[in-house]
Amino acid sequence: MMHVPAAGTPRPGVDAPDRRGRTGLDRVGRDLRGNPDVVVRDVEVTSDGWHVLRRTTFDLRRRDGTWTVQQRETYDRGDGATLLLYDRERRTVLLTRQFRYPAYVNGHPDGLLLEAAAGLIDADDPETAVRREAAEELGVHVGAVEHLFDLFMSPGSVTERLHFYAAPYAPADRTGAGGGVAEEGEDIEVVEVDVDEALAMCRDGRICDGKTVTLLQWAVLHGPFRAGGR
């Protein structure tokens, strides 16, 4: 059962700092003016753990001109960035394998997912973030990176915008062990995969992470492994 503070009691994350020192978490979205068919009426913080869950009440004008009152819950974990590292000459990509409990509890056989390196931006800009994640997760010092596109991966409930990047790598660039940050609970395996095998893994379900499938499709349709090369 969710604990409801007594009337007049400062609410963590709203009137009083939560455990991360945040206040005003209920103000997000109240000043939106870009769409005249949406009027935000109320924002309630329903969970303020490491990330924030909000319930927003708003008026929505339908296409026929009638107004309805709707509610939506949004999960705010900040924006993220992801990077596909590729070796054009050897036709390989460098991926991670790590345990993902949400996938495990929702039917994945063991929860160990093959993915492109990724992480939350936090206080960094997206390019800095992907360089950080490449070093921490893959042990690779990345040179020039290419920004591809930005996507909302689960826009029905999650606010995160994911910034997609790609960059070449060579065996000599793997200067660290990778594996993630142990203090943050990460235990990441570095996996080098032939790109054709990676595509086969997408088809048979061995790779089932959305951002990774998207990056691999870009790589063979528009990127370094497209027919005829660059």
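Higher on the page you've got the structure.
Colleague: Account for the nonpolar core, with residues named and values stated.
Modeller: In this structure, Leu-84, Val-93, Leu-95, Val-193, Ile-207 and Leu-216 are the most contacted members of the largest nonpolar core, which totals 22 residues. Looking at this core, the elements that each hand over two or more residues are strand S4 (80–87), strand S5 (92–99), strand S9 (161–168), strand S10 (189–194), helix H3 (195–204) and helix H4 (210–221). In this structure Val-93 touches Leu-84, Leu-85, Tyr-86, Tyr-169, Val-191, Glu-192, Val-193, Ala-198, Leu-216 and Phe-225, once residues within four positions along its chain are discounted.

Colleague: Describe in detail the sheet that holds strand S3 (residues 67–76), supporting the description with residues and values.
Modeller: If you walk across this open sheet you meet the three strands as S1-S2-S3, and the pairing is antiparallel. Sheet topology places strand S1 (38–48) and S3 at the edges, where each strand pairs with a single neighbour. Taken over all neighbouring pairs, the strand axes of this sheet differ in orientation by 20 degrees on average, direction set aside. Of the pairings in the sheet, the one linking strand S2 (residues 52–61) to S3 comprises 10 bridges and is antiparallel in character. From the neighbouring strand, Leu-53 faces S3, where its bridge partner is Tyr-75.

Colleague: Can you tell me about the packing of aromatic side chains, naming the residues and giving the values?
Modeller: For the structure on display, the rule yields three aromatic pairs. Between Phe-99 and Tyr-104, the aromatic rings sit 5.5 Å apart at their centres with planes inclined by 65 degrees, giving edge-to-face as the arrangement. Accessibility expressed as a relative area gives 41% for Tyr-104, which makes it partly exposed.

Colleague: Talk me through the packing of H3 against H4; I want residue IDs and the actual numbers.
Modeller: Taken N-terminus to C-terminus, the directions of H3 and H4 make an angle of 135 degrees; their axes are 10 Å apart at the nearest point. Classified by the interaxial angle, the pair formed by H3 and H4 is oblique. Classified by chirality, the crossing of H4 by H3 is left-handed. Two secondary-structure elements touch here, H3 through Val-195, Ala-198, Leu-199 and Cys-202 and H4 through Val-213, Leu-216 and Val-220.

Colleague: Describe in detail H4, supporting the description with residues and values.
Modeller: A rise of 1.5 Å per residue sets the reference length of H4, with its 12 residues, at 16 Å; its end C-alpha atoms lie 16 Å apart and thus fit the reference within 8%. Those residues of H4 that sit buried are Lys-211, Thr-212, Leu-215, Leu-216, Trp-218 and Ala-219. All buried residues of H4 fall inside an arc of 155 degrees around its axis, so they share one side.

Colleague: Residue-level account of a nonpolar patch on the surface, with values.
Modeller: Judged by side-chain polarity, Phe-99, Tyr-101, Tyr-104, Val-105 and Leu-112 come together as a nonpolar surface patch covering roughly 510 Å² of accessible area. Among the elements that make up the nonpolar patch, the one with the highest residue count is helix H1 (residues 101–105) (three residues). Positionally, Tyr-104 belongs in helix H1.

Colleague: Provide a residue-level description of the environment of Tyr-169, including the pertinent values.
Modeller: Relative to the helices and strands, Tyr-169 resides in the loop between S9 and S10. Classification of Tyr-169 by relative accessible area gives buried; the value is 4%. Linking Tyr-169 and Cys-202, residues 33 residues apart in sequence, is a C-alpha distance of 22 Å. In this structure the side chain of Tyr-169 is engaged in a polar contact, spanning 2.9 Å, whose partner is the side chain of Thr-92.

Thresholds applied
Residues numbered from 1 in each chain as written. Predicted model: local features only at pLDDT ≥ 70, side-chain atom pairs only at ≥ 80, totals over all residues. Heavy atoms only, no water. Core = buried A, V, L, I, M, F, W, Y, C linked by side-chain atoms within 4.5 Å. Buried < 20%, exposed > 50% of the residue type's maximum accessible area, 1.4 Å probe, protein only. Helix = DSSP H or I, 4+ residues; strand = E, 2+ residues; numbered from the N terminus. Contact = heavy atoms within 4.5 Å. Pairing = 2+ DSSP bridges. Axes fitted to C-alpha atoms, helices over the stretch in contact; angles between N-to-C directions. Phe/Tyr/Trp six-rings, centres within 6.5 Å; stacked < 30°, edge-to-face > 60°. Parallel < 35°, antiparallel > 145°, perpendicular 65-115°, else oblique. Left-handed = near helix turned anticlockwise from the far one by under 90°. Expected span 1.5 Å × (residues − 1). Arc of directions from axis to C-beta. Patch = residues over 30% accessible without salt bridge, like charges linked within 9 Å, V, L, I, M, F, W, Y side chains within 5 Å. Areas by Shrake-Rupley, 256 points an atom, 1.4 Å probe, with all protein chains shown as cover. Salt bridge = Lys/Arg side-chain N within 4 Å of Asp/Glu carboxyl O. Polar contact = N/O pair within 3.5 Å; in protein donor to acceptor, adjacent residues only side chain to side chain.

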